[in-house]
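Remarks on the overall topology
Take a look at the letters that make up each chain.
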Amino acid sequence: MRYLNQLEPDALVARFAEHPPIGFRVLEAAGTPAFVAPFDLLTTADAEARAKVMHAPGYRWWGRLLRWRTAFVGTTVSEYALFPRGAEPSSLARALRDELGRRQRLLIVKDVPQASPLFDAEAAQWCRRFADACADSGFVLLEGQALAYVPIDFASEDEYLARLSPGRRKDIRRKLRKRDDVMVEPVRCGDAMFADDATIDAYYALYENVYAQSDIHFDKLSRDFFAAVLRDAANGGVVFVYRHQGAMIGWNLCFVVEGKLIDKYVGFAYPQAREQNLYFTSWFHNLAFAREQGLTHYVAGWTDPEIKSYLGAKFTLTRHAIYLRNPLLRMLARKLGRFFESDSQWATHEQA
């Protein structure tokens, strides 16, 4: 049975358990996927607060004190926290606190939906009850990340672009001229080409390029994870491979699940991907694919909210429920929580 809040195929969640990110330890608590990993407490701080701390005298020596082994409820391959269907919210909140929160200094129930348009009202009500139960059990509730999505409620690319400002339309159309020089090939997971180790190496190298240039380094997925996913014909994944002058300059792994296109992973060759405006090309390719397949939503993930807003995405926020074993630190977290809610602006952001 699929978990509550699950957008991804079951196979992807299973691969996370088999091949967790490097340095992670996967476990289960109260029937819920979870893991333990090193966590920098500044990871979700807003940029200003993070910069002030990192530039404080002696940070290079005492900064390691801000990196804790932390228990997380959820996975890093799912957009939302995954909960067992049929669980009672209050009982689950207490069980997670008792099983995980008292073994680690910090427990984070990550990415609990807030009235997500990607689920029905029953799921939204359950998540509200769970968040309330967490608060009653001593957790601190923080605004989480902003998940980007696009309803597929337009009949053409021109209709979609018409919703954006004139300045954005002009800029996007100018950038999209480059797509005529790029060939896009859809390759299904399980294709014979992925049996070749050299092919897996090439795809993983482009993933590592993207990971290396990211501002936040939390979960680095392993080569074994990608090999297992790309070689699994049953997971329903499709890789959109982008080539320029015959050379692969990028790829994008997506899944079609319950009428939605779920965008999960990308790999880019730099500087070629930037020179060809591949981010813009892949965005509009995915919208066209979703429209042609009769899907209801394109789910574009958590990263890069500014550029996704520019491209016309909507956003839905999550909550994180955090539990600090030390009661004094729990009090401090309630006072400082607003510095760790930097994505909340995107829920109501309108790009001019």
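About the cut-offs
Residue numbers here run from 1 along each chain, matching the order of that chain's written sequence. Totals for whole chains, interfaces and linings use all residues, but because this is a predicted model, local features are given only for residues with pLDDT of at least 70 and pairs of side-chain atoms are given and counted only at 80 or more. The basis for every side-chain value is the complete set of heavy atoms in the structure, and neither hydrogens nor water enter the calculation. Should DSSP find at least two bridges between two strands, the strands are taken to pair. Only DSSP runs of H or I reaching four residues or more are called helices, and only runs of E reaching two or more are called strands; each is numbered from the N terminus. In this analysis an axis means a line fitted to C-alpha atoms, helices contributing only their contacting stretch, and an angle means the value between N-to-C directions, from 0 to 180 degrees. Any angle from 65 to 115 degrees is called roughly perpendicular, while one under 35 is roughly parallel, one over 145 is roughly antiparallel, and all others are oblique. Handedness of a crossing follows from how the near helix is turned relative to the far one, being left-handed for an anticlockwise turn of less than a right angle and right-handed for a clockwise one. Pairs of residues are marked as contacts when any of their non-hydrogen atoms sit within 4.5 Å. Charged residues are taken to be Asp, Glu, Lys and Arg, nonpolar residues to be Ala, Val, Leu, Ile, Met, Phe, Trp, Tyr, Cys and Pro, and polar residues to be all remaining types, Gly included. Residues belong to one nonpolar core when they are buried, are Ala, Val, Leu, Ile, Met, Phe, Trp, Tyr or Cys, and are joined through side-chain atoms within 4.5 Å. Partly exposed describes any residue whose relative accessible area lies between the buried limit of under 20% and the exposed limit of over 50%, with all areas from a 1.4 Å probe on protein chains only and scaled to the type maximum. The quantity known as pLDDT measures the predictor's confidence residue by residue, on a range of 0 to 100. Any carboxyl oxygen of Asp or Glu within 4 Å of a side-chain nitrogen of Lys or Arg constitutes a salt bridge here.

Here we take up the sheet that holds strand β3 (residues 67-73). Ordered in space as β1-β2-β3-β4-β11-β5-β10-β9-β8-β7-β6, the 11 strands form an open sheet in which the pairing is mixed. The sheet terminates laterally at β1 (25-29) and β6 (182-188), the two strands that pair on one side only. Adjacent strand axes in the sheet meet at a mean angle of 30°, parallel and antiparallel pairs treated alike. Bridging between strand β9 (residues 260-268) and strand β10 (residues 297-301) involves 3 bridges; their strand directions are parallel. Residue pairing across strands places Lys260 opposite His297, the latter belonging to β10.

Let's shift gears to the packing of helix α8 (residues 197-213) against helix α9 (residues 223-230). At a minimum axis separation of 10 Å, α8 and α9 run at an interaxial angle of 120°. Comparing the axis directions of α8 and α9 gives the class oblique. The chirality of how α8 crosses α9 is right-handed. Two secondary-structure elements touch here, α8 through Asp197, Ile200, Asp201, Tyr203, Tyr204 and Tyr207 and α9 through Arg223, Phe226, Ala227 and Leu230. Within the contact of α8 with α9, the residues separate by chemical class into 7 nonpolar, no polar and 3 charged.

With 74 residues, the main nonpolar core has Ile172, Val239, Trp251, Tyr265, Trp283, Phe284 and Leu287 as its most contacted residues. Not counting chain neighbours up to four residues away, the residues in contact with Val239 comprise Glu185, Pro186, Val187, Cys189, Phe194, Tyr203, Leu230, Trp251, Asn252 and Leu253. Listed in part, the 25 residues of the second largest apolar core include Ala29, Leu107, Val109 and Cys127.

In this section: helix α1 (residues 10-18). Looking at α1, one finds that the buried residues are Ala11, Leu12, Val13, Arg15 and Phe16. In this fold, the buried residues of α1 make contact with β1, β2 (32-40), α9, β8 (247-257) and β9.

Our next topic: the confidence of the model for the protein. For the protein, the average pLDDT comes to 89, and 88% of its residues sit at 70 or higher. No element of the protein has a lower mean pLDDT than helix α13 (residues 327-336), which averages 67, and none a higher one than α9, which averages 98.

What follows concerns the pattern of salt bridges. Opposite charge on two side chains makes pairing possible when the charged atoms of those side chains draw close. In the structure shown here, the tally under the stated rule is 21 salt bridges. A salt bridge links Glu79 to Lys264; its shortest N-O distance comes to 3.2 Å. Placement of Glu79 in the loop between β3 and α4 (89-101) and of Lys264 in strand β9 is noted, with a sequence separation of 185 residues between them. Taken individually, Glu79 and Lys264 each receive the classification buried, so the pair is uniform in this respect. Its salt-bridge partner being Arg102, residue Asp98 comes within 2.9 Å of it at the nearest N-O pair. On the basis of relative accessibility, which here comes to 47%, the residue Arg102 falls in the partly exposed class.

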